[in-house]
Amino acid sequence: MHFDIFTLFPEMFQGPFTESILKRAQERGLLSIALHNIRDATSDKHHVVDDYPYGGGAGMVMKPDPIFAAVESIYQGGPIILLTPQGRPFTQQIARELSQQERITLLCGHYEGIDERVRQHLVTDELSIGDYVLTGGELAAMIIVDATSRLLPGVLGGEASILEESHSSGLLEYPHYTRPPEFRGWRVPDVLLSGNHAEIAKWRRKESIKRTRARRPDLLAKLDLSSKQDMKLLKELEEEENS
C-alpha cells in the first residue's frame, strides 16, 4: 500500500512514521509513505497557500490552486481523502475498506478550512476522527495511516490477533493478563490458568460483552447477539448484576 500525504507541515510525521510497526512495514516493503509539501506547488515567491475568505469572517482559507497543482502532479489513482471535522466518522470498518486499496491520498486541511472547490472537484471522500477540532489534519492523517496499515497482511505478523481486537468484532476487547499470576495480592482469573481453552474462550466472550455493555452500550445495541451462547452469557451478566 502507498500513501501520498499533502500537508503544510511534513516534519510533523517524522516521529510516528519512523518508529515501531510502521517503520518495520516500510522497511519490509509492505507500506510506503510519501509526504508532499503543498507550498512546493505555489507559483509566487512567498509560497502563499492561504487568503482571506470572500464575504469576510475570522481566519484564513487554504487556496485551491496550490492544492490542485500539488495533488494532480502526483496522483496515480485511489481515493483522495480530506481530513476535516465535517467528514464522516472514521471507524474500524472504514479502516478495513481502506486497507483494500493500493494507493490512498490524504489531504490535510489547515487554518479556517479549504476553498470549497477542493471539496467539490478534487476530493472523493471526507473523514473525521472525532467530534472536535484540531489545528490541522496532520494528526488525523497519522491515525488513519496507522489504523489502516496495521490491517495489511504481514504488517503485524499475527493475523488472528486483529480479529480479537476492540471494534473488530463490534465488541470491546476482553481484559488481558500476563505474569506474574499474582501481583500485590491481585490474582489473574483462575480460568486463564486452567488450560481449558473452551472455558477461556467463553470467559473472554463474556468479558467482551460485559465491557461493551458497561462502556459502550451504543455498540452493543448494533450487534446481533442472538446466538444461544451469547443469550446465555447476557442472562448470566444480568443475574450477577442483580445478585
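Source: prediction; values computed, not measured.

So, how was this worked out
Residues numbered from 1 in each chain as written. Predicted model: local features only at pLDDT ≥ 70, side-chain atom pairs only at ≥ 80, totals over all residues. Heavy atoms only, no water. Helix = DSSP H or I, 4+ residues; strand = E, 2+ residues; numbered from the N terminus. Buried < 20%, exposed > 50% of the residue type's maximum accessible area, 1.4 Å probe, protein only. Pairing = 2+ DSSP bridges. Axes fitted to C-alpha atoms, helices over the stretch in contact; angles between N-to-C directions. Contact = heavy atoms within 4.5 Å. Parallel < 35°, antiparallel > 145°, perpendicular 65-115°, else oblique. Left-handed = near helix turned anticlockwise from the far one by under 90°. Nonpolar A, V, L, I, M, F, W, Y, C, P; charged D, E, K, R; others polar.

Residues and numbers for the environment of A58, please.
Its location among the elements puts A58 in the loop between β3 (50-51) and β4 (61-62). According to the relative accessible area criterion, A58 is exposed, its value standing at 65%. Expressed as a C-alpha distance, the spacing of A58 and G195, which sit 137 residues apart in the sequence, is 63 Å.

Tell me about the sheet that holds strand β5 (residues 80-89), residues and numbers included.
Reading across the sheet, the five strands line up as β2-β1-β6-β5-β8 and stay open at both edges, with parallel pairing between neighbours. Every other strand in the sheet has two partners, leaving β2 (32-37) and β8 (125-128) as the edge strands with one partner each. The mean angle between the axes of side-by-side strands here comes to 35 degrees, regardless of whether they run parallel or antiparallel. Judged from the four bridges that link them, β5 and strand β6 (residues 103-108) form a sheet pairing that is parallel. By the bridge assignment, I80 is partnered in β6 with T105.

Lay out the side chain of D230 with the relevant residues and their values.
Here D230 is to be found in helix α11 (residues 228-242). If we ignore the near neighbours within four places in the chain, the residues touching D230 are R205, I209 and L225.

Outline the packing of helix α9 (residues 197-215) against α11, listing residues and values.
At a minimum axis separation of 10 Å, α9 and α11 run at an interaxial angle of 60 degrees. As far as their axial angle goes, α11 and α9 are oblique. As α9 packs across α11, the resulting crossing turns out to be right-handed. In contact with K202, R205, K206, I209, K210 and R213 of α9, α11 contributes Q229, D230, K232, L233, L234, E236, L237, E238, E240 and E241. Its residues assigned to classes, the contact of α9 with α11 shows four nonpolar, one polar and eleven charged.

Can you explain the sheet that holds β4? Please cite residues and give values.
Read from one edge of the open sheet, three strands run β3-β4-β7, paired in mixed fashion. Each end of this open sheet is capped by a strand with a single partner; those strands are β3 and β7 (113-114). Here β4 runs beside β7; their pairing, made up of two bridges, is parallel. In the sheet register, M62 faces β7, and the bridge partner there is I114.

Which residues make up unusual backbone geometry, and what are the values?
For the bond from R179 to P180, the omega torsion is 5 degrees, close enough to zero to count as cis. Topologically, P180 is positioned in the loop between α7 (159-164) and β9 (182-183). Residues other than glycine seldom take positive phi values, yet H47 does so here, at roughly 55 degrees. In this structure, H47 sits in the loop between β2 and β3.

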